[in-house]
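# Residue-level structure breakdown
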Amino acid sequence: MSDAAPPTEYDTDRDAAEVSALSKPSDEVILHARGVTVGFGSTIVLQDLDLDVYRREILGFVGGSGTGKSVLMRAILGLTPRRAGEIEVFGTNLETASDAQRHAVERRWGVLFQQGALFSSLTVRQNIQVPMLEHMRMSDRLMDELALLKIEMVGLPRSAADKFPSELSGGMIKRASLARALALDPDLVFLDEPTSGLDPIGAAAFDDLVLKLRETLGLTVYMVTHDLDSLHSICDRVAVLGEKRVLTAGPIEELMRFDNDWVQEYFNGVRALRRV
């Protein structure tokens, strides 16, 4: 007979409070960018850009095509060099960090690139295990168990584990890519156009998944998107990129009143009104 006491009302209330705390943004800045400038040759894409991202928030990042949304994300990840400015993630300046410090920061973020970017020659299970092989030491058996856990976490059947990307639908590719982004139990997840190419039902289901993961895992989500439904339904704040910098950032209700022609057309234009 078990000696464990049955759950009490207090325990239930405490658990509910803990989940509620995980699902709400805090005022702690975990990504801090100041004066970021990025260019290619004589073309300046981003100039003197400032941005803060708060713990446990879902930040939507929008802007016109070609304004540099993905360029900024890649600059934060260190995949595109900066010409000026500084970026701190989890309090670590990525410009001056040692290899060990940067490795520790990278261990705490996950990335879903546009179109998934799964390795075509690897199965879903093997794709998810790539970050594990790079950052951790564990047995093959444990990696297999963890990969299956991530697969189930994103709503894929266990049978998807041994499929190759070419055998998956568009929606399954997005979920498999998200599972890989979650492989190391990150605190911060970057999503680059996660619902592009999905039908409305699939896009809504993916949004619900992101919201659920934030609520259960306490994730912070940095999401580049054009999807107005995603912006309205799951984002705590939206940042707008234009004129090579962040024009404004705040709750979507504030952005709808922001005095800028592009912002007004985007959030209050004909296409936006059709969703009402």
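Residues numbered from 1 in each chain as written. Predicted model: local features only at pLDDT ≥ 70, side-chain atom pairs only at ≥ 80, totals over all residues. Heavy atoms only, no water.

### Topic: the sheet that holds strand β3 (residues 58-63)
Short version of the rule: For two strands to count as paired, DSSP must find a minimum of two bridges between them. Numbered from the N terminus, helices here are DSSP runs of H or I no shorter than four residues, and strands are runs of E no shorter than two. Structural elements are reduced to axes, namely lines fitted to C-alpha atoms, with helices fitted over the stretch in contact, and the angle between N-to-C directions of any two is expressed from 0 to 180 degrees. Here, residues are in contact when the closest pair of their heavy atoms is within 4.5 Å.
In space, the 6 strands of this open sheet follow the order β6-β7-β8-β3-β9-β10, with mixed pairing throughout. Two strands lie at the open edges of the sheet, namely β6 (109-112) and β10 (245-250), each paired on one side alone. The average undirected angle you get between the axes of adjacent strands in this sheet is 15°. With 4 bridges joining them, β6 and strand β7 (residues 188-192) adopt parallel strand pairing. In the sheet register, L112 faces β7, and the bridge partner there is L191. Where helix α7 (residues 200-217) meets the sheet, its contacts fall on β3, β6, β7 and β8 (220-224), and the angle it forms with β3 comes to roughly 140°.

### Examining the sheet that holds strand β1 (residues 29-40)
Read from one edge of the open sheet, 4 strands run β2-β1-β4-β5, paired in antiparallel fashion. If you trace the sheet from one side to the other, it starts and ends with β2 (43-54) and β5 (92-93), each paired once. Sheet analysis places strand β4 (residues 84-89) next to β5, joined by 2 bridges and oriented antiparallel. When the bridges of β5 are listed, V89 appears paired with T92.

### Quick word on the pairing of β3
Put simply, the rule is: The classification of residues rests on relative accessible area computed with a 1.4 Å probe and restricted to protein chains. Under 20% of the type maximum is buried, over 50% is exposed, and intermediate values are partly exposed.
Extensive coverage of β3 is indicated by the burial of 6 of its 6 residues. Both faces of β3 are covered, namely the face carrying I58, G60 and V62 and the face carrying L59, F61 and G63. Examined bridge by bridge, β3 and β8 share 4 bridges and lie parallel to one another. Looking at the pairing, L59 lines up with Y222 of β8.

### Some points on the packing of helix α6 (residues 170-181) against α7
This is how the line gets drawn: Roughly parallel refers to an angle under 35 degrees, roughly antiparallel to one over 145, roughly perpendicular to one between 65 and 115, and oblique to any angle outside these ranges. It is the rotation of the near helix from the far one that decides the hand of a crossing: anticlockwise by less than a right angle makes it left-handed, clockwise makes it right-handed. Asp, Glu, Lys and Arg are counted as charged, while Ala, Val, Leu, Ile, Met, Phe, Trp, Tyr, Cys and Pro are counted as nonpolar; the rest, among them Gly, fall into the polar class.
Where α6 contacts α7, the axes come no closer than 11 Å and their chain directions differ by 15°. Between α6 and α7, the angle is such that the two are roughly parallel. The crossing of α6 and α7 is right-handed. Along its contact with α6, which presents K174, R175 and L178, the element α7 presents A205, F206, L209 and L213. Looking at side-chain class alone, the contact of α6 with α7 contains 5 nonpolar, no polar and 2 charged residues.

### Digging into the confidence of the model for the protein
For clarity, the cut-off: What pLDDT reports is the predictor's confidence in each residue, on a scale of 0 through 100.
Chain-level pLDDT for the protein is 88 on average; 89% of the residues reach the 70-or-more range. Low pLDDT (under 50) marks residues 1-10, which in the prediction has 0 contacts with non-local residues, meaning those over four places away or in another chain.

### Examining the side chain of T37
To keep things clear, this is the line we draw: Side-chain atoms alone can form a polar contact between residues adjacent in sequence; in general such a contact is a pair of N or O atoms within 3.5 Å, and within protein one must be able to donate a hydrogen while the other accepts it.
Among the structural elements, T37 can be located in strand β1. At a separation of 3.2 Å, a polar atom in the side chain of T37 contacts the main-chain amide nitrogen of D48. In this structure T37 touches I44, L46, Q47, D48, R82, R83 and A84, once residues within four positions along its chain are discounted.

### Remarks on the pattern of salt bridges
Rules: Salt bridges are identified by distance alone: a Lys or Arg side-chain nitrogen within 4 Å of an Asp or Glu carboxyl oxygen.
With the rule as written, the count across this model stands at 13 salt bridges. Taking the shortest distance from any N to any O, the salt bridge between R108 and D187 comes out at 2.8 Å. Here R108, found in the loop between α3 (99-106) and β6, pairs with D187, found in the loop between α6 and β7; they are 79 residues apart in sequence, far enough to count as distant. Looking at D187, the relative accessible area reads 27%, which means it is partly exposed. Salt bridges here are not isolated pairs; linked through shared partners, they connect R125, D144 and D162.

### Description of the pairing of β7
By the criterion of burial, β7 is predominantly enclosed, with 5 of the 5 residues buried. Of the two faces of β7, the one lined by L188, F190 and D192 and the one lined by V189 and L191 are each fully buried. Where β7 and β8 come together, 5 bridges link them in parallel fashion. For V189, the partnering residue across the bridge sits in β8 and is V221.

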